[in-house]
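The residues making up each chain are set out below.
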2 protein chains.
Amino acid sequence: MAANLNIDKLDLQIIQHLMQDANISYADLGKKLFVSPGTVHVRIKKLQDNGIVNGTRLHVDLKKLGYDVIAFIGIYLEKSSLYDTVAKELRKIPEIVRMNYTTGNYSIFAELVCKDIAQLRSVLHDQMQKVKGIERTETFISLEESLNRSVQVTVEE
Amino acid sequence: MAANLNIDKLDLQIIQHLMQDANISYADLGKKLFVSPGTVHVRIKKLQDNGIVNGTRLHVDLKKLGYDVIAFIGIYLEKSSLYDTVAKELRKIPEIVRMNYTTGNYSIFAELVCKDIAQLRSVLHDQMQKVKGIERTETFISLEESLNRSVQVTVEE
DNA sequence: ATTGAAAGAGTCTCAGT
DNA sequence: ACTGAGACTCTTTCAAT
């Protein structure tokens, strides 16, 4: 794992650009990095074959689509060995978009996206309540998302 | 805000597909949804003009790039009115990729991505320690990310 | 609003360096 | 390993419905 084999500065620069805008053409990206479009193509193909890049995803303004509520849920389990079975059940709830098994207070840290508070309430009370193994939960509703960016993989010079 | 004007089922289906794979061609997407490539194009253009879709982003396997540590930080502020100034300072730390102003225990909920535990320690002790207005922090290190997906914007039938 | 076809732009391959 | 040019595919426009 992690084996950073053969990833040079050009690869990282390509990744850095495409993480912000994957729609830029190989020609334009090549101009910025002083290489030919063919070279950009070869590098991206290598990164795809490596599994380092996994395709591209549309970036959507969820508020404009009516999804106004982002919430984080800290989940306490009755026993931490229940992690796998609880995670499997929670995965079935479509509003849950992310789950991490974490150190610290909570066993599972989840993020969910809902249209409104009523839907959030329904997920918490109707759906999560039914999952066996959850002791209790703590909910943090996001009032404002002040930052959401990609990691910086290149070094400044 | 949110004004869902003129977003129909086809728009949502297009968004749903492109959130998973933004590289599919308009032709192939049109085939799946039983419309022409031209129609797909017109709809996507409308969604871009609306600001509902904001371009595409490369999806990267951070572990393979050597970023092994994802951590969540709950931040207590001395006064919650300090939110803006603290957020502005934290934004300068490149390892911090996300910040939300939340209800509940913490004032700010941040996510950060590091190469290793040593780097995490350095961010927590050297960089965040210097920011005025932070009372204390709680760190949750992700041992496993068991889910990371897009919201579901279409209804099953 | 959707279509089909034509024009324009981008991706991908490959022989040469 | 990079390049440039050609072949191919996709995006984009537009007149017609």
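Our subject is the structure listed above.
I will try to describe carefully the structure that is included in this document. Please read these numbers as outputs of a predicted model, since none were measured by experiment. (Residues numbered from 1 in each chain as written. Chains lettered and ligands numbered in written order. Predicted model: local features only at pLDDT ≥ 70, side-chain atom pairs only at ≥ 80, totals over all residues. Heavy atoms only, no water.)

Take empty space enclosed by the protein next. In total, this model carries 2 cavities of 30 Å³ or more according to the counting rule given. Every residue lining the largest cavity is listed: F72, R98, N100, F109, A110 and E111 of chain A together with F72, R98 and E111 of chain B. Residue assignment for the lining of the largest cavity shows that the elements contributing at least two residues are β3 (96-102) and β4 (108-114) of chain A. Residue contributions to the lining of the largest cavity peak at 3 residues, all from β4 of chain A. Its residues placed into classes, the lining of the largest cavity shows 4 nonpolar, 1 polar and 4 charged. Within this model, the second largest cavity holds a volume of roughly 40 Å³. It is strand β4 (residues 108-114) of chain B that contributes the most residues to the lining of the second largest cavity, 3 residues altogether. Partitioned by chemical class, the residues of the lining of the second largest cavity number 4 nonpolar, 1 polar and 2 charged. (1 Å grid on protein atoms, 1.4 Å probe; cavity = no way out; pocket = protein on both sides within 12 Å on 5 of 7 lines; lining within 4 Å. Points joined across faces, edges and corners; volume = space filled by probe spheres on them. Helix = DSSP H or I, 4+ residues; strand = E, 2+ residues; numbered from the N terminus. Nonpolar A, V, L, I, M, F, W, Y, C, P; charged D, E, K, R; others polar.)

Moving on, we come to the layout of surface pockets. Roughly 1700 Å³ of internal volume is contained in the largest pocket. The wall of the largest pocket is formed by 50 residues, among which H59, R98 and N148 of chain A together with R98 and N148 of chain B lie closest to the centre. Here the lining of the largest pocket is built from residues that sort into 21 nonpolar, 11 polar and 18 charged.

With 67 residues of chain B at the interface, the matching set in chain A holds 67 residues. When chain B packs against chain A, the two sides together hide about 6600 Å² of surface, and 53% of this comes from carbon and sulfur. Our count for the contact surface shared by chain B and chain A stands at 4 salt bridges. Taking the shortest distance from any N to any O, the salt bridge between R98 of chain A and E145 of chain B comes out at 2.9 Å. One can count 49 residue pairs in polar contact (both at pLDDT 80 or more) joining chain B with chain A. (Contact = heavy atoms within 4.5 Å. Buried area = accessible area lost by both parts, 1.4 Å probe. Salt bridge = Lys/Arg side-chain N within 4 Å of Asp/Glu carboxyl O. Polar contact = N/O pair within 3.5 Å; in protein donor to acceptor, adjacent residues only side chain to side chain.)

With that settled, the discussion passes to the sheet that holds strand β2 (residues 69-77) of chain A. Ordered in space as β2(A)-β4(A)-β3(A)-β5(B)-β2(B)-β4(B)-β3(B)-β5(A), the 8 strands form a closed barrel in which the pairing is antiparallel. Along the sheet, successive strands turn relative to each other by an average axial angle of 35°, direction set aside. Against the sheet, helix α4 (residues 83-90) of chain A contacts β2, β3, β4 and β5 (134-148) of chain A together with β5 (134-148) of chain B, and its axis sits at roughly 170° relative to β3 of chain A. On the sheet, helix α5 (residues 117-127) of chain A packs against β2, β4 and β5 of chain A and is oriented at approximately 140° with respect to β4 of chain A. (Pairing = 2+ DSSP bridges. Axes fitted to C-alpha atoms, helices over the stretch in contact; angles between N-to-C directions.)

The next point concerns the environment of Q127 of chain A. All names here are of chain A. Mapped onto the elements of the fold, Q127 is located in helix α5. Along the backbone, Q127 and F140 are 13 residues apart, and their C-alpha atoms lie at a distance of 18 Å. In this view, Q127 contacts I93, E95 and S122; residues no more than four positions away in its chain are not counted.

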